[in-house]
Amino acid sequence: NKGVDIFSVFKLFFLMTPYMVTYALPIALLIATLISLGRLSSDNEIIAILNAALKDKERGLGNLKIDADKKAIAFLAKASEFSVISS
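The shown structure was predicted, so the numbers you read here are calculated from the model rather than taken from an experiment.

With respect to the packing of aromatic side chains
Considering all chains together, one arrives at one aromatic pair under this definition. The interplanar angle of 75° and the centroid separation of 5.4 Å between the aromatic rings of Tyr19 and Tyr23 together place this pair among those described as edge-to-face. Placement of both Tyr19 and Tyr23 in helix H1 (residues 6-42) is noted, with a separation of four residues, approximately one turn of the helix. Classification of Tyr19 by relative accessible area gives partly exposed; the value is 45%.

What follows is the structure, given as structure tokens:
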């Protein structure tokens, strides 16, 4: 009713798409990261990753001869989860 044709409206939406993506993409990546880290933490996969890194001599920390208790590794995993969620 204001004299704007439908073609101009679609053209505006099309031209605004790159601008909207610059806001939507970082938010989507943040949400995906939080969801995936939360899922890894709930399945205790972070603990398994830390244990594997401590045992792997070729690509991990196996050459450093770190003797870590399982409770200490679980504490590190929970602390990293808390720091990711609270930031």
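Quick notes on the pattern of salt bridges
By the definition in use, this model includes one salt bridge. For the salt bridge of Asp56 with Arg59, the shortest nitrogen-to-oxygen distance reads 3.2 Å. With a relative accessible area of 21%, Asp56 lands in the partly exposed category.

A few points about the confidence of the model for the protein
The predicted model of the protein averages 83 in pLDDT, with 91% of residues at 70 or higher. Mean pLDDT across the secondary structure elements of the protein bottoms out at helix H3 (residues 70-86), with 74, and peaks at H1, with 90.

So, a nonpolar patch on the surface
A contiguous nonpolar patch, built from Val4, Ile6, Phe7, Val9, Phe10 and Phe13 and spanning about 660 Å² of accessible area, is present on the exposed surface. Following the sequence through the fold, Val4 ends up in the segment before H1. For Val4, a relative accessible area of 57% puts it in the exposed group.

Quick notes on the environment of Leu40
Its place among the elements puts Leu40 in helix H1. Along the backbone, Leu40 and Val9 are 31 residues apart, and their C-alpha atoms lie at a distance of 44 Å. When sequence neighbours within four positions are dropped, the list of residues in contact with Leu40 reads Glu45 and Ile46.

So, how was this worked out
- Residues numbered from 1 in each chain as written.
- Predicted model: local features only at pLDDT ≥ 70, side-chain atom pairs only at ≥ 80, totals over all residues.
- Heavy atoms only, no water.
- Phe/Tyr/Trp six-rings, centres within 6.5 Å; stacked < 30°, edge-to-face > 60°.
- Helix = DSSP H or I, 4+ residues; strand = E, 2+ residues; numbered from the N terminus.
- Buried < 20%, exposed > 50% of the residue type's maximum accessible area, 1.4 Å probe, protein only.
- Salt bridge = Lys/Arg side-chain N within 4 Å of Asp/Glu carboxyl O.
- pLDDT = per-residue confidence, 0-100.
- Patch = residues over 30% accessible without salt bridge, like charges linked within 9 Å, V, L, I, M, F, W, Y side chains within 5 Å.
- Areas by Shrake-Rupley, 256 points an atom, 1.4 Å probe, with all protein chains shown as cover.
- Contact = heavy atoms within 4.5 Å.

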